[in-house]
Every structure is written in C-alpha cells, then in structure tokens.
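The lines below spell out each chain.
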Amino acid sequence: MFADFNIFIIGVGGQGIGLLSEAVIRAAYCAGLQAKGVDTHGLAQRGGTVTSQIRLGSKAFSPLIQEGSADIVIALERHEALRGMNSHLKNGGDLVFYDAVWQPLDVRLMQTKETQNETIKAECKRREINYHRVFKDDLKNSKMQNVVVLGYIAKHNLIPGISKDNYLQAIKDLLTGTLLDQNLKVFEQ
Amino acid sequence: MKKLPEILLSKEKTQEIMMGNWGLVRAMVEANVRVVTSYPGSPTPEIATAIAQIPKAERPFYFEFSVNEKVATEVAFGASINGHLSCVFFKSVGLNVAADSLVQLGLMELIGGMVIILGDDPGANSSQNEQDNRHFAKMAYIPIFEPSTPTEAYQMFKEAAALSQEKKMPVFLRLTTHVCHYKELIKFDAWNKKELDPNPKFDAKNGPYIPITTTVFPLKRKALKKLDEVADYSDKTTVNFIKDNGNNDVGIITMGLPYYSLLDVMQEMKVQPDILKLGMIYPLPKQKIIDFLKNHKEVKILEELDDIIERDVKMIAFENKIDVEISGKSDLLDWENEYTPDKVKEVLRKQWSQFFAPAIPKDNKKPKLTPRPAQMCPGCGHRSAFHAIRKAINKNVITVGDIGCHTLGFLPPYNIGEALLSMGHSNGTAAGLSLFNTKRKVISFLGDSTFFHAGLPGIINAIFNNHNHTLIIMENGTTAMTGHQDHPAVGKNFNEVSDKIPILNMLKGMGVTNIRSVDTYQQAKLTQAVKDALAEDGFNVIIAKHPCMLKFMRELTKKKLGTPPKVHVTAKCNKTYECISVFACPSYQVNPDGSIWVQEDLCIGDGSCKQTCPTQAIESKAKEEK
C-alpha cells in the first residue's frame, strides 16, 4: 500500500496530544500495520509546544520524521498548526487542526500578532496542502478536542489503512467507564 | 488491552505497544531484579510511572525514589553486595551527582550484580547540557550497552544484568531521550520467577570493600581484568553486528538511535555502505572493528555527541597498521544536537555529497511564526511569587535561579533567575556573587525537592561562612517538573506514609534565625517580605509557598470535588494590560482590537490574578457553567 506514512502531531502541553497519539498508534496496530512513534516529554509539557511523531510501514526506520516529509500534520491549536505545517508537512499533504487558540507568549505580550486562519488557508493553497479546519461550537469539555479531531480523521479516512473500527477499538483499549462513553459520543459526532 | 501490571508480571510470553522506559520494567521483572532506586529526571521518570502501576504487594522488587542520585546509587550498591541484583536509573546530569560513589563501583565485587540505566539527552530536550556519559564508562571501568529501540532496551537490560551477575561488576545501559520515549510493539519472553533468598550475603571477604592506599591497586587490576574479559564478550555478542550491503569500498560504524536515522537516510543515497552497528560501545569489539576496517577502503564513524568511538577506531587502525581512510566529525556542528534523520543527512552530505541528489532549495515563503517556550501553568504559585518579587526588586538585584519549574522565571516578563549551573548550585553561586559586592543585592532560588537533593550544603555553607544573600525557597510540595514525585517534606514516599521533614524546621535546626514564610498568592505580603529581607545584612530565607496547582487541580478532578468558577474581564478594564504583560498568566489573551479575553480552556479559576488588576476588572464568574 505504502512504504511509509508519516503522521506529525503537534499542540500545546496539556491539550491531550498523548492520548491522541496513543490512539492513532494503537489503531494502526489494530489495522495490522507496522507502527512506531515517539512523544516529546519533560520540560516542553509546561505550556510549550509538544509533538508526537508516528511512522507507519516497513520502510520507516527511525521514529523521527524528516522535515517536510509528513503526509499528515494533526494539530490541536492554530499557531501549532502553522508550526507543524512549516516544519514537517510535505507539499500536497493534509493539515487537520482543531481551531483552538492558545496565544504564545510573544502574542500575549503584544510583540507579535496572532496567527489568523486566512494565513493558514493561503499557505495551504500555495503549497497544495489539503486544509481541514475542525471546530465544534457546542463542545462542553475542551479536553475532548483531541477526540473530535480523531473522529474527523476517521470519518474522512485521512490515514490510509486505518478504519473507523480500528480507531474505535483503540479508544476502547485506552479508556474506561464514563470517560470512555463521553469520548465515544464525541468521536461519533 | 490488558492492564499494564498484567503485562509486566505475565509469567507467559506476551507483547504490547509501549515506550522504552516501560519495557525496561518488564526486563527488570524477567531478570529477577530485587532492588531498584532512582531520583526523578527526564528522560527516565516513566520507568517509575510503570512501576507505580504495579500494586506494592505484587511488585517483585523493592523500589524507592532516593533523595538524590548518589544516595540512590549507594542503596543499589548496598543491596548488590548483600547478594541482590539491583538497578539504579537517572538522567544524564544525575550521573554527576552520583559520580563520587559511582566511580568506585568498578573496583567492587558486586556479588548480586548491578545495572545502571542512564538517560542521556542529546538535543538537551530537558537538561542543562548534552553531556556524553560514555566518558564515564572509561573512567569508571564499567561496560556500557547502548540500545537503539525499546525492544533492544528490553533485551539489552537482561543481557547487562546477566553479564553483571556473571562478572560481579556494574554494567551501564545508556538510553537517549528518544529511545526512552520511543513506542513500539515489544515482544516479551516468559518470566521464570526466582524466589527471594532472604539471607544476607554480605561478607567482607568477598571484597575487600575498603579501597584505601595500596588496596586500591589490586582492586583496579581486578577491574581491568574483568574489562578484558568483557572485551572478549563484546567481540562475540550479537549486539554488535554487521549489516552487509555488499559494499567493499565504503562502511559506516554507528550505534544507538542514529543507526535507524542512517537506515532512513540511506533510502535516499545512491551508494549503500556496509554498517557495523555497535550495541556494546565499551569495551569495543576490537576484532569486529579490525575486520570491518580491513574490508573497506573508507570508513565513516557516525557518532552522536562526542568523538569517543572515532578516537578508539582510529587507534585500532593505527595499532594494527590498517590501510583505510577513517573519518569522523568534520566540524563543530557535528558535535551538537541529536542525530535525527535530518541531522544524519546533513552530516553525511558534508562527507559524501556525491551520494545524494542535490538538496532542494529552502522554501523562503513560509509564514513566520513566533516560538512557544515552556510556561508556568495557569494558577502556578511561582508566577504569583515572581510577580510579587519583581515589585520588590530593581534590575540592580542579581537573581540566581536553580533547577525546577521556577527556572522558567528567567523568561520574560519576569526575567528572574539570571545564572544556572545545576541542582542546588544557587546558594554557592549567590555567595560568590556577594563577595566584594556592596552595591548589588543577591537573591538565590531553590525548589523544595532540590532543597533535599543538593541544596543543603550550599545553605549550610552560607550559614557557616556568614555569607550575605537572600534565599527564596519556592515550596510547591512536590517534585513538579518531572511529574509530581513526593519528596521528604511531603509525608509520604513512593511506597508508604513517612515522617515529614519540614523545611522550616530544618532551617531552624541549622540555625537560620531570619526566616519569613509567605503563601505566594498573598502577593503584597511577599513583596514586603522581600523588601524587608533585602534591607537586612547577612543570610536570610524566605519560604515562598503554594501547592503545585497542576497537581492540586488533578486531585480535585479525581476526587470529583468540582472546580472553582473561571474568571472573566469586566467592563472596568481600562487596558493597562497588567494581567497580560506583567503577570502574564497564559489564560489572558488579547484580541486584535486590544481588548482582553480569558481563554477558559486554560483558566483554572484560582483567582490569583485578581489582585494584579489596578482597576479590579477581574472577577470570578457567578458559578461554573456546565
């Protein structure tokens, strides 16, 4: 199907990158794909940029993705969407991002402007990247933005070889009780 | 998916997707390790996270977070010379703390065996340097394994444990950050559980264990002899292997995660060099290296961080008069940062541009973006502290930071903490800064876990030598930065309730007479305390206390106690931007029109911001909207 498929996940510490990444890698295994991944941990968690990289396929050796060679960038915040796109997304790839805004320090200090959606859209057009903005107006719990994005990816089949059932299995593997029920509900919407 | 403890304790063969750090715990179980110790530090603390998931009664080994890496090493040593297989793990710079005892271990007859897991940090992801701990292996006569993947980490731990038990010597297992956190499917062997032998095996005759004057020489000879034996093993073991691409001209010697970076990059190379992949990097497999050098005209050493293997390989070639072109690092850039696939490509391109297609020109049209540095969390007591301290001091005051979440105070807008060396350095450094200095006051900072770890000698020195500076202890009740491990003032350890050792009592006991204790949310009070302290001569201490709010909020959620209402900005706001530009809680965001809004995904409703607004425009919402 493919020699390798690279998934670059990016967000801000505290947004639930860990669960999202774990769900994708587990879903890949459920689908019978070879998968490996690595998260950034430690200092970066404190409100800084966090990334998780997942590589699928038999020709993916290191868990680390080369710059400009991610097939898909999944972001949970608007600035980080642009960051991930700038550093890792290949031209012609997919950008999926939840349009939350957590302004970086310099924006809050009013030394630089907030990144606007129009900028991202224009850049996607310039680089022939498929633009997928995800936003759910009525989402009560911001901790589930990650699962909203996962639901979108499943619905639109953005990762080849991983089906909706695979994602569902992964979520069921990772969560239990009411948390599982709530997340499944959000995933299915 | 089975629960983690079921996998870690399975008697049968099993498999699971997990990170390298977790796989190591399964390896400890299978190797029948009896005592494990550590001090938390990235990239290794997730080893303890996995251990913590096994209920204490079912844990096949004893585990503790010791007060620092040196004590952790000593506890593991004591267990080993009593006959128990032991293991200690810590981060790269943790080895510096452990070093005083660690360098002795090679001289000792470790009858139970002992494995030392190092979490090195090329790329300085969460450390103050990129130190290459392979240097210590040579200095301390300790063999060192270096895995590339979680599977290798798991396998090599068992290999290291067996070697350590056989030779009764310490063995290093060196992982780097992205091997620790690398996730893949690991296939585990069965566990042949060995019952605990509770008989103490310590016997001074196994030693001697007192290395002093002339007894050092036979001990050293014995250590070197063991290393010679391990060198034979290194030549035989399959952890050092050749990936034969049938290339008689070009070869590459590499190790660790850079091996897989290389495999990625080779997919783009016109020439496929043979590879000698090293899993044991000290002592080196000499014969394998000789053969590899003889079989190629040109050999490149692809080595992350320092040029340790490069020098050894060049020496082997020289001693054996091998006619081969050997290259290693080509410039200073080759010494820095992690050897990711991108970095390896850059390094190899410098050597062999002809093997690559021309580089694609850089796309200069990408939109610019500001970086997002790590921040103190919303509600963090340290933010209130820095905000209050800033009001008490001018730029003339010198502030010395230390390791911990409060290190982040160096960032704008606080700019507090202007020098940093290591855990607990602040009071020594501050004392030095105060000498011949009557014009600029000096403030040192220290976290509470660091107070116990390495902070005490600097404080005692300040008392002992009548130094002249103010220490502010940032007490948040936990070891926050590495994931909320308990410390001696908390009242519980990894395993059970333990007697609290209050910092205030310790300071009093040491004879510090001038101590002020303030909750950091009482910002005005803290500002005054700092002003008062700086007006005095001599050494004094302020304990700036507030519980870690990240931990606190998690506990509230866990106990389903509900969370306080979030704040909002009312019409009273006249845009002085104190909340945004001076207090700088990440929850406060600015609209293009200059108005301020509260990002409710971030706000925890702590309300510590309210007192910072000169027009009292920050209020809690009436009640939490569900």
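Note that the structure is predicted; figures quoted are calculated from it, not measured.

S.K.: Any chance you could explain the overall build of chain A here in plain terms?
M.R.: In terms of regular secondary structure, chain A is built from seven helices and six strands. Helices and strands appear in chain A in the N-to-C order β-α-β-β-β-α-β-α-α-β-α-α-α. For 189 residues, the compact-globule estimate of 2.2 N^0.38 gives 16 Å, and the C-alpha radius of gyration of chain A, at 16 Å, lies within 12% of that figure. Over its C-alpha atoms, taken along the principal directions, chain A stretches across nearly 45 × 40 × 30 Å. Here chain A holds 189 residues, and the buried ones make up 57% of them. For chain A, restricting intrachain contacts to residue pairs at least 6 apart in sequence, the fraction spanning at least 24 positions comes to 66%.

S.K.: Looking at this model, I keep getting lost on the overall build of chain B. Mind explaining?
M.R.: When its secondary structure is counted, chain B shows 20 helices and 23 strands. The C-alpha radius of gyration computed for chain B amounts to 27 Å, which stays within 12% of the reference 25 Å derived for 626 residues, consistent with globular compactness. For chain B, the C-alpha atoms occupy an extent of roughly 80 × 70 × 60 Å along the three principal directions. Each of the 626 residues in chain B was classed as buried or not, and the buried ones make up 49%. A sequence separation of at least 24 residues applies to 79% of the contacts in chain B between residues at least 6 apart.

S.K.: Before we go on, may I ask you to explain the sheet that holds strand β17 (residues 470-475) of chain B in this structure?
M.R.: Strand pairs in the sheet, formed through backbone hydrogen bonds, run parallel or antiparallel to each other. Residue and element names in this part refer to chain B. The five strands are arranged β15-β16-β17-β19-β18 in an open sheet whose pairing can be described as parallel. Edge positions in the sheet fall to β15 (398-400) and β18 (515-519), since each has one partner strand and no second. Taking the axes of each pair of neighbouring strands and ignoring which way they run, one obtains an average angle of 20 degrees across the sheet. Of the pairings in the sheet, the one linking β15 to strand β16 (residues 442-447) comprises three bridges and is parallel in character.

S.K.: Hey, could you run me through the interface of chain A and chain B in this one?
M.R.: One widely used convention gives an interface's size as the accessible area the parts lose upon coming together. The interface of chain A with chain B comprises 46 residues on the first partner and 46 residues on the second. Broken down by class, the residue content of the side of chain A that touches chain B amounts to 18 nonpolar, 16 polar and 12 charged. Across two bridges, strand β2 (residues 35-39) of chain A lies against strand β8 (residues 182-188) of chain B in antiparallel orientation. Note on β8 of chain B: the bridge partner recorded for Val38 of chain A is Tyr182 of chain B.

S.K.: In this structure, what is going on with the domain arrangement of chain B? I would like to understand it.
M.R.: For chain B, the assigned domains are domain 1 (4-236), domain 2 (241-355), domain 3 (381-555) and domain 4 (563-620). Using C-alpha coordinates to define each centre, domain 2 of chain B is positioned 55 Å away from domain 4 of chain B.

S.K.: Sorry if this is basic, but what is going on with the confidence of the model for chain B here?
M.R.: Scored by pLDDT, chain B comes out at a mean of 96, with 99% of its residues at no less than 70. The ipTM for the predicted assembly is 0.96, set against a pTM of 0.96.

S.K.: Is there a simple way to think about helix α2 (residues 78-87) of chain A in this case?
M.R.: An α-helix turns once per 3.6 residues; consequently, residues spaced three or four apart project the same way. Among the 10 residues of α2 of chain A, eight are classified as buried, and the element is accordingly described as predominantly covered. Those residues of α2 of chain A that are buried lie in contact with β1 (5-12), β3 (49-56), β4 (70-75), β5 (89-98) and α4 (117-126) of chain A.

S.K.: Would you mind showing me how to read the pairing of strand β2 (residues 35-38) of chain B here?
M.R.: For a regular strand, side-chain orientation follows a simple rule: the groups alternate between the two sheet faces. Residue and element names in this part refer to chain B. Where burial is concerned, the two faces of β2 agree: the one with Val35 and Thr37 and the one with Val36 and Ser38 are both buried. Sheet topology note: the β2/strand β3 (residues 62-65) ladder contains four bridges and is parallel. Bridging from a neighbouring strand, Ser38 pairs with Phe65 of β3. As for the winding sense of the linkage, the β-α-β connection from β2 through helix α3 (residues 46-53) to β3 is right-handed. Both β2 and strand β4 (residues 86-91) contribute to a ladder of four bridges, which runs parallel. What sits directly across from Val35, in β4, is Ser86.

S.K.: Even after reading the chapter, I still don't get unusual backbone geometry, so can you show me in this structure?
M.R.: As a rule of thumb, non-glycine residues mostly have phi less than zero, and peptide bonds are mostly trans rather than cis. All names here are of chain B. Across the junction of Ser42 and Pro43, the peptide omega takes the value 15 degrees, indicating a cis bond. As for its position among the elements, Pro43 is in the loop between β2 and α3. In this chain, Pro412 is followed by Pro413 through a cis amide linkage whose omega measures 5 degrees. By the secondary structure assignment, Pro413 is in the loop between β15 and α15 (426-434). Phi angles above zero are rare outside glycine, and Asn337 is one such case at about 70 degrees. Among the residues examined, Asn337 registers 16 C-beta atoms within 10 Å and is labelled partly exposed.

S.K.: Teacher, can you tell me more about the sheet that holds strand β13 (residues 298-302) of chain B here?
M.R.: Residue and element names in this part refer to chain B. In spatial order, the strands read β9-β11-β10-β13-β14; together these five strands make up an open sheet with mixed pairing. Edge strands, defined here as strands with exactly one partner in the open sheet, are β9 (241-243) and β14 (325-327). Sheet twist, expressed as the average angle between the axes of neighbouring strands with direction ignored, equals 20 degrees. Sheet topology note: the strand β10 (residues 250-255)/strand β11 (residues 274-278) ladder contains five bridges and is parallel. By the bridge assignment, Ile253 is partnered in β11 with Leu276. On the sheet, helix α11 (residues 286-294) packs against β9, β10, β11 and β13 and is oriented at approximately 165 degrees with respect to β11.

S.K.: Got a minute to help me understand helix α18 (residues 523-535) of chain B in this structure?
M.R.: Residue and element names in this part refer to chain B. An ideal rise of 1.5 Å per residue puts 18 Å on 13 residues; α18 measures up with 18 Å between its terminal C-alpha atoms. Along α18, the residues that are buried comprise Gln523, Leu526, Ala529, Val530 and Ala533. All buried residues of α18 fall inside an arc of 115 degrees around its axis, so they share one side. Across α18 from its buried face, at more than 90 degrees, point the exposed residues Ala524 and Ala535. Close packing links the buried residues of α18 with α14 (381-392), β17, β18 and β19 (540-545).

S.K.: Please clarify how the environment of Val598 of chain B should be interpreted in this entry.
M.R.: Residue and element names in this part refer to chain B. Take Val598: it is sitting in strand β22 (residues 596-598). Take Val598: there are 21 C-beta atoms within 10 Å of it, and that puts it in the buried class. For Val598 and Phe386, which are 212 residues apart along the polypeptide, the C-alpha to C-alpha distance reads 21 Å. Beyond its immediate sequence surroundings of up to four residues, Val598 is in contact with Lys566, Val567, His568, Val569, Ser587, Tyr588 and Cys603.

S.K.: Could you clarify how one ought to interpret the nonpolar core in this entry?
M.R.: Nonpolar side chains tend to gather and get buried jointly when the protein is soluble and globular. Grouped together as the largest cluster of nonpolar side chains are 191 residues, with contacts concentrated most on Ile7, Val73 and Val149 of chain A together with Met28, Cys87, Val115 and Phe157 of chain B. A per-element tally of this core places helix α1 (residues 17-30) of chain A first, with eight residues. Sequence-distant contacts of Val115 of chain B, defined by excluding residues within four places in its chain, comprise Cys87, Phe157, Ala160, Ala161, Ser164, Val171 and Leu173 of chain B. Among the nonpolar cores identified, the runner-up in size contains 33 residues, and Tyr414, Ile416, Ala462 and Val541 of chain B belong to it.

S.K.: I keep staring at the packing of helix α10 (residues 258-266) of chain B against helix α13 (residues 341-351) of chain B and nothing clicks. Help me out?
M.R.: Between two packed helices, the angle of one axis relative to the other and the distance separating the axes together describe the packing. All names here are of chain B. It is the contact of α10 with α13, at a shortest axis distance of 8 Å, that shows an interaxial angle of 70 degrees. Between α10 and α13, the angle falls in the class roughly perpendicular. Where α10 abuts α13, its residues Pro258, Ser261, Leu262, Asp264 and Val265 lie against Pro341, Val344, Lys345 and Leu348. Residue composition of the contact of α10 with α13, grouped by class: six nonpolar, one polar and two charged.

S.K.: What is the right way to look at the packing of α1 of chain A against helix α6 (residues 164-174) of chain A in this model?
M.R.: All names here are of chain A. Their axes nearest at 8 Å, the elements α1 and α6 cross at an angle of 125 degrees. On the basis of their axis angle, the class for α1 and α6 is oblique. The element α1 and its partner α6 pack so that their crossing is right-handed. Side by side, α1 and α6 meet where Leu19, Glu22, Ala23, Arg26, Ala27 and Cys30 of the first sit next to Asn166, Tyr167, Gln169, Ala170, Ile171, Asp173 and Leu174 of the second. When its residues are assigned to classes, the contact of α1 with α6 shows eight nonpolar, two polar and three charged.

What counts, and at which threshold
- Residues numbered from 1 in each chain as written.
- Chains lettered and ligands numbered in written order.
- Predicted model: local features only at pLDDT ≥ 70, side-chain atom pairs only at ≥ 80, totals over all residues.
- Helix = DSSP H or I, 4+ residues; strand = E, 2+ residues; numbered from the N terminus.
- Rg over C-alpha atoms; globule rule 2.2 N^0.38 Å.
- Buried ≥ 20, exposed ≤ 12 C-beta atoms within 10 Å, placed from the backbone.
- Contact = placed C-beta atoms within 7 Å.
- Pairing = 2+ DSSP bridges.
- Axes fitted to C-alpha atoms, helices over the stretch in contact; angles between N-to-C directions.
- Nonpolar A, V, L, I, M, F, W, Y, C, P; charged D, E, K, R; others polar.
- Domains from an automatic or database assignment.
- pLDDT = per-residue confidence, 0-100.
- Right-handed = clockwise from strand over helix to strand, strands pointing away.
- Expected span 1.5 Å × (residues − 1).
- Arc of directions from axis to C-beta.
- Core = buried A, V, L, I, M, F, W, Y, C linked by C-beta atoms within 7 Å.
- Parallel < 35°, antiparallel > 145°, perpendicular 65-115°, else oblique.
- Left-handed = near helix turned anticlockwise from the far one by under 90°.

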